[in-house]
Amino acid sequence: MKLTRRTCLLGGASALGAATIPALGSRRSLSTSPVSHLALASATQQTQDLLVVVFLRGGCDGLHLVAPVDDPHYVAARPSYLRVQERGEEAGLPLGHAPADFDFRLHAAAPELKELYDSGDLAIIHACGLTHSTRSHFEAQTFMELGAATDKTLTTGWLTRVLAASQAETAAMLPAVAINSGVPLALLGLPTAVAINHLEDFTLPGEDHYTQVLQQLYQGNSAVHQAGVRLLDAVGAIHSVATPALWEELEHTGAYSEEFGEELGYGLRTIATLAKLDVGLTTATIDYGDWDTHVEQGWQFYDRVRGLSQSLMGFYEDVRRYRDRVTVLVMTEFGRRLRANESEGTDHGFGTVMLALGDRVNGGRIYGQWPGLATEQLDRGTDLAITTDFRTVLSEYLAKRTPRADPAVVFPDLAPSDALDIFQAS
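Presented here is a report on the structure given in the accompanying data block. Since this is a predicted model, take the numbers as computed values, not measurements.

### Some details on the overall build of the protein
Helix and strand counts for the protein stand at 14 helices and 12 strands. Going through the 426 residues of the protein one by one, you find that 58% of them count as buried. Considering only intrachain contacts with a sequence separation of at least 6, the fraction spanning at least 24 residues in the protein is 74%. Summed over its atoms, the accessible surface of the protein is roughly 16900 Å², and 50% of this surface lies on carbon and sulfur atoms.

Following this line, the structure appears as structure tokens:
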């Protein structure tokens, strides 16, 4: 993309962040990050938690990711290729501390998630989701990113309200990053948020006069001018702490996953690198799409789950030294219907799963009340019922890990409820 005055002025920080020079070299897939040896530039300054939100765009089928494999209603509703299997070569991975009296298992394509679960670092929240009954991707994602159940009039995203309460948006050079070509609604109203696709692309051509021209271009008081200046400052901050060796290693390193979920692996690697460069990162968002599996779900779902599992493990290994302040939350806008459709897939449903990963997560358990899969137990007779509002999980995280952010302010229309005890306090 050519960097022009028009793209800079119209796009602000997001456009400028996306309008950078091509990658420095070819990318080759490796299972580990090139900067795993880096230490924090100033450990005393890195005291705030880092929250990473992974959004599975398209509506992930929670009943194909984690399911009671011996529930007769589950078995009767779906062909074998749309179920977590009970036996055979593709048998699901058994999970301890599950609700009800069923044999809950994880999809066979997620051995890394199984390892994290068994080690106590990964928690699963089932029958969870947005309590609004919409089946529209756009509407459901809007509500979730605003942190609302019905109110579309909110002018800020839920993460923006968290950062404002914690004052992280003014205390750090780069408090919030979206690994994307643009900033999501969850960061709506946060002028300091920056969109980055790949860290090695987050640079400007080397000539000094080029940067000077941009600095002159952004002399002004408008929001666009301020965003441009902030973006230039962020680029400068990253380059001031990144060594030549880092850029050299980034040139030759790819995603955590060698075959699946490549873009997710690249993005999480970028987040891990920024976390180690001491630029004040406290919040990061990343999308992982293609979960809208109306047709031929079986093989598509396997590939998506494999990429998710490998990439999350790669990221967690990469931030091993900083796990006590890193939490990953994985969510999706809604689940899929219990019963398969006629195209070897599943249609838009309701209840689904969330994942919470971190050293301060009380993992190794499936949280939430299991509603059952009999017709009379389903929502409107078709969908897994929601027994845990997704904001209840987010509220508990804020209460335990970000005490300055009042959940009642971040989620103004959420009724109080008992915490599930998923997270440990700071």
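### Quick word on the packing of helix 11 (residues 262–276) against helix 12 (residues 297–318)
Where helix 11 meets helix 12, the closest approach of the two axes is 9 Å, and the angle between their N-to-C directions is 15°. Accordingly, the angle class assigned to the pair helix 11 and helix 12 is roughly parallel. When the axes of helix 11 and helix 12 are compared, the crossing they make is right-handed. Packed against helix 11, whose contacting residues are Leu264, Gly265, Leu268, Ile271, Ala272 and Lys276, the element helix 12 presents Gly307, Leu308, Ser311, Leu312, Phe315 and Asp318 at the interface. Its residues assigned to classes, the contact of helix 11 with helix 12 comprises 7 nonpolar, 3 polar and 2 charged.

### Thoughts on the nonpolar core
Of all hydrophobic cores here, the largest spans 73 residues; its most connected members are Val52, Val66, Leu268, Ile271, Leu274 and Phe315. Looking at this core element by element, the count peaks at 7 residues for helix 12. Among residues more than four places away in sequence, those in contact with Val66 are Val84, Leu95, Phe104, Arg105, Leu106, Ile124, His126, Val353 and Ile366. If you look at the next biggest cluster of nonpolar residues, it comprises 41 residues, including Leu130, Leu154, Leu329 and Phe390.

Basis of the calculations
Residues numbered from 1 in each chain as written. Predicted model: local features only at pLDDT ≥ 70, side-chain atom pairs only at ≥ 80, totals over all residues. Heavy atoms only, no water. Helix = DSSP H or I, 4+ residues; strand = E, 2+ residues; numbered from the N terminus. Buried < 20%, exposed > 50% of the residue type's maximum accessible area, 1.4 Å probe, protein only. Contact = heavy atoms within 4.5 Å. Areas by Shrake-Rupley, 256 points an atom, 1.4 Å probe, with all protein chains shown as cover. Axes fitted to C-alpha atoms, helices over the stretch in contact; angles between N-to-C directions. Parallel < 35°, antiparallel > 145°, perpendicular 65-115°, else oblique. Left-handed = near helix turned anticlockwise from the far one by under 90°. Nonpolar A, V, L, I, M, F, W, Y, C, P; charged D, E, K, R; others polar. Core = buried A, V, L, I, M, F, W, Y, C linked by side-chain atoms within 4.5 Å.

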